[in-house]
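# Fold and geometry: a report
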Amino acid sequence: MSLQTMLSLLSSLGASSIITVDVHKPEAFKTANTQCINIEPFELYANRLKGIKDVVLLSPDIGSLWRVRRVSDYLGASFSYLEKFRDRVTGEITMKLRSLMSLVRRFS
């Protein structure tokens, strides 16, 4: 179900505000008629990874790269993303790891 559908449904049920945790597309809240608060737990994620050596963060696709970048900002870790391809006929999704040379930050 799309976020827009959920927002409309909750608003019609009388919800005065909606709180989400790391919603997939926070920009979708811009069209909502209800107050929307999105909690982003990136610092919490980073705190759980602190102390682990040679961390490389990997996003499942370019659309979620901003999330990985936010965690990386707290850790100073390298990050990249998977390239996702969808077959327009079958709908099958294949993914491949980008070259390690494409990591945005390098280990020191």
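The present account deals with the structure reproduced in this document. Once a new chain begins, its residue numbering starts again from 1 and follows that chain's sequence as written. Two thresholds apply to this predicted model, a pLDDT of at least 70 for residue-level local features and 80 or more for giving and counting side-chain atom pairs, whereas whole-chain, interface and lining totals are computed over all residues. In computing side-chain values, all of the structure's heavy atoms are included and hydrogens and water are not.

## As for the sheet that holds strand E4 (residues 78-86)
Convention followed: Pairs of strands are assigned from DSSP output, requiring at least two bridges between the strands. Only runs of H or I of at least four residues qualify as helices and only runs of E of at least two qualify as strands under DSSP, and these elements are numbered from the N terminus. Lines fitted to the C-alpha atoms define the axes, with helices restricted to the stretch that makes contact. Angles between their N-to-C directions range from 0 to 180 degrees.
Sheet architecture is open: three strands sit in the order E3-E4-E5, paired in mixed fashion. Two strands lie at the open edges of the sheet, namely strand E3 (56-59) and strand E5 (93-97), each paired on one side alone. The sheet shows a mean angle of 25° between the axes of neighbouring strands, taken without regard to direction.

## Re the pairing of E3
Heads up, the rule is: Three labels apply to residues, based on accessible area from a 1.4 Å probe with only protein chains included: buried if under 20% of the type maximum, exposed if over 50%, partly exposed otherwise in between.
Because side chains alternate across E3, one face comprises the buried residues Leu57 and Ser59, and the other comprises Val56 and Leu58, none of which is buried. For E3 and E4, the ladder comprises four bridges, and the chain directions are parallel. Bridge pairing links Leu57 to Phe79 in E4.

## Quick look at the pattern of salt bridges
A side chain with one charge can pair with a side chain of the opposite charge if their charged atoms come near. Stated formally: Salt bridges, as used here, are contacts in which a Lys or Arg side-chain nitrogen is within 4 Å of a carboxyl oxygen on Asp or Glu.
Counted according to the given criterion, the structure contains three salt bridges. A salt bridge links Asp22 to Arg67; the shortest N-O distance between them is 2.7 Å. Placement of Asp22 in the loop between strand E1 (17-21) and strand E2 (35-39) and of Arg67 in helix H3 (residues 65-75) is noted, with a sequence separation of 45 residues between them. The class for Asp22 is buried, based on a relative accessible area of 19%. Residue Glu40 pairs with Arg70 through a salt bridge whose shortest N-O separation is 2.9 Å.

## Considering the packing of aromatic side chains
What counts, and what does not: Any Phe, Tyr or Trp ring, taking Trp's six-membered ring, that has another such ring centre within 6.5 Å forms a pair; planes under 30 degrees apart are called stacked, those over 60 apart edge-to-face, and the others tilted.
Summed over the entire model, instances satisfying the criterion amount to two aromatic pairs. With 6.1 Å between their ring centres and 70° between their planes, Phe42 and Tyr45 make a pair best called edge-to-face. Residue Phe42 and its partner Tyr45 are located together in helix H2 (residues 42-49), separated by three residues, close to a single helical turn. Ring centres of Phe42 and Trp66 lie 5.6 Å apart, and the angle between their planes is 80°; on these two criteria the pair is classed as edge-to-face. Pair noted here: Phe42 is in helix H2 and Trp66 is in helix H3, with a separation of 24 residues, a long-range link. Taking relative accessible area as the criterion, Trp66 reaches 26% and is therefore assigned partly exposed. Every member of this aromatic cluster is reached through a ring pair, and the members are Phe42, Tyr45 and Trp66.

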